[in-house]
Amino acid sequence: MPATVMTEREADLLRALTARIDQQDPGAFNNLGALFFSKGMVREAVAAFLQALALDPRMRTAARNLEVAAARDGACDVQFAEIGQRLSINPDDVEARREQARLNRLIGRNTEAIAQLDTLIAENPDDAAALFERGLIEQRAGDLRRAQRWFERAANARAMSNDDDAIPRLHLAEVLYQRGQNEQALTGLNELLAEHPAVAEAHLLRSFVLGDMGQFAAALDASQHAVSLNPALQSLNADLSIVAGGAPDTALPAGPDTGEFAAIMSEIGNTKSGAGLARYGLGLAFRQRGYFDESRREFERALAQGEDEQLVQHALAELDLVVGRSEDACRRYASLLKTQDGQPHLWNEHGVALHQSGDVAAAASSYQRALRLDPRLALAYNNLGVALSDMGDAAAARESLNRAAELEPALLLARLNMARWMRANQDHVGALAVLREIVAFQPQAVDAWQLIGAVLFDLARYEEAREALAHAIQLRADHAEARYTLALVLATLGDDDGALRETQHALRLATMRVASRLKVGIALQHECPEAIGALDLLGTQGGEPLRGVQLREADIHELLSARNGASELAQPEAADAAGCARAQGLLIEASGFAGRALHGEACERYQQARTMLDAPGVATDAERASFWYRAALGEARSLCLLGHASEARGLLRALGAVTPHDAEVLALFAASLVDGSAPESDASTQARTALLRLFRIDVPSAALLHYAGDIAAQLGDEALALAFFRRALALDPSRPTPRVAVAQMLRVRGDLLAARLELVAALAAVPGWPAALRELASVHLDARRFGEARRLLADHLSRIPTDLAALLLMSEVLVEEARTDDAKLLLGRLLRHDPGNTGALWFQGLLYARQARHRDAIACWQKLVALPEPDRFVGLAREALTLQRAS
């Protein structure tokens, strides 16, 4: 909707509310900030959110709102200017530097905050405030192990200085609880409360820990004591949230419009800015509690009374998604996007509506549109992964789900989907590892425990499966799928009575069981988790209706034949079905190996499936054609990724004859032609032609476009490679790998500034991406900025000490800086990991030569020259040996 123009009188009225609300109520400041933001007063909103966090540093809603508001241009200029003025007067003002780092952390600029905090900690390793802030950054990022270490250091530092250490110890206990270490968390809380008995939040956290340990009476006592110390802990959460990417006048309340905020709204309800939102707020309150019919009635009354149409229509669209009215939801979102097409959350929800209605390809396009607007929207990546999986692109689906989990480690939905994907692709060990990590951080994740039980059942580990499923049912007794899976386990273990009991219970909870599938999500599920469950996808997958049980024609024929007493007629069909099932099983097994990058194993299974399908009578012509195509394409893909692309050339010609416009076939065919061919040969010309045909196709996969760019680079066609990389970025702006590839091309060309800008953008999208960090260090090295390269690599190696490529770069930096002892130490470490590392051998020989140890240098370089696969270091060694002989 178009922004509302406010008069100066209305703005003054809103500012006056700051003094009228309870100055000790963080929720009131948060809601006032949401009101400021909705009226375009972004700087005032930031100040209100900061005040809320000053009163309650653990207030998640205010923290999220602050990040959204701070993304506006100039939103935090006042705060940064005040800190800058203090630092200009006194550059050694430690408190001001801490505030600067804290502000950067609060508004989501974690890279700047980490750099500033690390500087403070380097100057004073016992700076408790800086240590605590570092822990908060790691906790928010989901790395609870590292957060625990920072909080321990902060608590110890405060204890040594006799300062109040309650807050870091409380966060430490919270992290231990989140990691499932209940005994350690309880011990820490008991010690904390012995010294600080009035910390209400500690009593509340202790109640959660005790409840998790089964001590329910003690948990209730602790909870009641927490409320007696702070009655606000039991009040209804009426904190309001604002929408990322939205216009300033589209702040969305996440809960009912009650209390202090209702009074504020009524105060301005009769002003020129528009009608109040009473019916809308009541509708939100009903929806938050799961009263969907009552909620819809209030939203419709809100429209009739002239309340904000855009807000109400969006709330109705969300409600349509929740109850499965996908056609109504599609219509509402299409209308909303006519005036708000710059809001990524709307495009994401529009995609879910299309997904529900069965138009999966259109849903994927909407998810991609959301990601173009907000490349860090983890929910959209998750939903795109579901759509890609539904369309049969398993590799792209896995990549998209991985990206969702990387961007938002706490997004349980994406991690569960990753585990479901692995289980469906026969990677049971990988699925189990993901699920174990989930329950280590979130012990109450019922769906994770149910999936653990299902995966263990697949692995025939029945006793462990029973324990996991029993734990899931203990957490949520009405989990139908957990009870049904437990029934299968009990039946396998011979407990028929128990299996019957659990089956009956499961049927009372859910009359129909459908096959497990990946799940999409919207933000509303996180705002109202108790009322809003999973969103059902009632669309299509692979052109067929989704269903719980799939029967092939051969299965039906066999059943009918057995019923009619003509089993001998069914034997040929049964044999065909068995052979076809074996071939299909090989394909599934091969896909599982390929998903784990075990392409040698995958290639072998694909070949076995093709051999089996070539035998007569194994499958119908339609099945044979479909399975053979999947096997041939999978085998060709694995051969290319193994570095044997030329061996796949025959297969790819056959595939191209069937689908001449398939993007992946064209890319793999070009790779097979480039493999082992001279740059100006006929094969290279054909490869370039295939890539040009591919470039004219609308390719939905950024990974495939990047792969095509790599092939074009091998051909030496820099312009075509750059075009492919740019298209990959346009499709997925947060993907760092195309930017790294572009930066490499620019660095080789000598355009170091442009290369650095590309890498900075890549690291802004995915902080800490190893390839981008290494390439940025190479840019610094080429520019002879050795100090910057060294600091960058040292920080990276502190996180990933086994990155051999980074170790080699650091060695080169130290050699250039003439820090011989440090370089020798690093090279020795590198050669212990990789004795044949060409770069390490070259630099070790170079150090020997500089020390006049010519025999040792020659010995190192001769090892290099003898290697079968030469690289640039081998060439340098040859030149050095030639010079040594000449001298």
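Scoring rules and cut-offs
- Residues numbered from 1 in each chain as written.
- Predicted model: local features only at pLDDT ≥ 70, side-chain atom pairs only at ≥ 80, totals over all residues.
- Heavy atoms only, no water.
- Helix = DSSP H or I, 4+ residues; strand = E, 2+ residues; numbered from the N terminus.
- Buried < 20%, exposed > 50% of the residue type's maximum accessible area, 1.4 Å probe, protein only.
- Contact = heavy atoms within 4.5 Å.
- Areas by Shrake-Rupley, 256 points an atom, 1.4 Å probe, with all protein chains shown as cover.
- pLDDT = per-residue confidence, 0-100.
- Phe/Tyr/Trp six-rings, centres within 6.5 Å; stacked < 30°, edge-to-face > 60°.
- Lys NZ or Arg CZ within 6 Å of the ring centre and 35° of its normal.
- Expected span 1.5 Å × (residues − 1).
- Axes fitted to C-alpha atoms, helices over the stretch in contact; angles between N-to-C directions.
- Parallel < 35°, antiparallel > 145°, perpendicular 65-115°, else oblique.
- Nonpolar A, V, L, I, M, F, W, Y, C, P; charged D, E, K, R; others polar.
- Salt bridge = Lys/Arg side-chain N within 4 Å of Asp/Glu carboxyl O.
- Polar contact = N/O pair within 3.5 Å; in protein donor to acceptor, adjacent residues only side chain to side chain.

### Let's talk about the overall build of the protein chain
- Along its length, the protein chain carries 47 helices and two strands.
- Across the 887 residues in the protein chain, those meeting the buried criterion constitute 47%.
- Taking the intrachain contacts of the protein chain between residues at least 6 apart in sequence as the baseline, contacts between residues at least 24 apart amount to 55%.
- Approximately 41500 Å² of the protein chain is accessible, and the part contributed by carbon and sulfur atoms is 52%.

### Topic: the confidence of the model for the protein chain
- Across the protein chain, the average pLDDT comes to 78, with 81% of residues at 70 or higher.
- Mean pLDDT across the elements of the protein chain bottoms out in strand 2 (residues 544-545) (35) and peaks in helix 25 (residues 446-458) (91).
- Within the model, the stretch residues 244-275 combines pLDDT values under 50 with 93 contacts to residues more than four positions away or in other chains.

### Concerning the packing of aromatic side chains
- Applying the stated criterion across every chain yields a total of five aromatic pairs.
- Plain terms: the ring middles of Phe457 and Tyr462 are 5.7 Å apart, the flat faces sit at 55° to each other, and that makes the pair tilted.
- Note on Tyr462: relative accessible area 27%, which makes it partly exposed.
- On the numbers, 5.2 Å between centres and 25° between planes, the contact of Trp842 with Trp861 is stacked. Of this pair, Trp842 sits in helix 45 (residues 838-850) while Trp861 sits in helix 46 (residues 854-865), and the two are 19 residues apart along the sequence.
- Looking at Arg727, its charged tip hangs above the ring of Phe695, at a distance of 5.0 Å from the centre.

### What to know about helix 2 (residues 26-38)
- The terminal C-alpha atoms of helix 2 lie 18 Å apart, and with 13 residues this matches the ideal 18 Å at 1.5 Å per residue to within 8%.
- Helix 2 sits mainly inside the fold: 13 of its 13 residues count as buried.
- Once helix 2 finishes, Gly40 follows within two positions and takes phi at roughly 85°, a positive value.

### A closer look at the packing of helix 3 (residues 42-55) against helix 5 (residues 77-89)
- At their nearest, the axes of helix 3 and helix 5 sit 9 Å apart, and the two run at 65° to each other. For the element pair helix 3 / helix 5, the angle class is roughly perpendicular. On helix 5, the residues that touch Arg43, Val46, Ala47 and Leu50 of helix 3 are Asp77, Val78 and Gln79.
- Broken down by class, the residue content of the contact of helix 3 with helix 5 amounts to four nonpolar, one polar and two charged.

### Overview of unusual backbone geometry
- Located in the positive-phi region is Arg784, a residue other than glycine, with phi close to 60°.
- Residue classification places Arg784 among the exposed residues on the basis of a relative accessible area of 54%.
- The residue Ala852 is not glycine, and still its phi comes out positive at about 65°.
- Looking at the element boundaries, Ala852 is found in the loop between helix 45 and helix 46.

### Let's talk about the environment of Ala226
- Mapped onto the fold, Ala226 is located in helix 13 (residues 216-229).
- Separated by 22 residues in the primary sequence, Ala226 and Leu204 have C-alpha atoms spaced 5.4 Å apart.

### What to know about the side chain of Glu133
- The topology assignment puts Glu133 in helix 8 (residues 128-141).
- On the accessibility criterion, Glu133 (8% relative accessible area) is buried.
- Beyond its immediate stretch of four places on either side in the chain, Glu133 contacts Arg102, Arg105 and Leu117.

### Thoughts on the pattern of salt bridges
- Counted according to the given criterion, the structure contains 37 salt bridges.
- Of the charged contacts, one joins Asp328 and Arg331 as a salt bridge, the two residues approaching to 3.6 Å between their closest N and O atoms. You can see Asp328 and its partner Arg331 sitting in helix 18 (residues 326-339), three residues apart, about one turn around the helix.
- Glu502 serves as the salt-bridge partner of Arg501, at 3.9 Å between the closest nitrogen and oxygen.
- On the basis of relative accessibility, which here comes to 48%, the residue Arg501 falls in the partly exposed class.

### Quick word on helix 35 (residues 663-674)
- Between its first and last C-alpha atoms helix 35 spans 17 Å; for 12 residues at 1.5 Å apiece the expected length is 16 Å, and the two agree.
- Burial of helix 35 is extensive: 11 of the 12 residues sit out of reach of the surface.
- Between the side-chain oxygen of the N-cap and the backbone nitrogen of Glu664 there are 3.0 Å, and the N-cap of helix 35 in question is Asp662.

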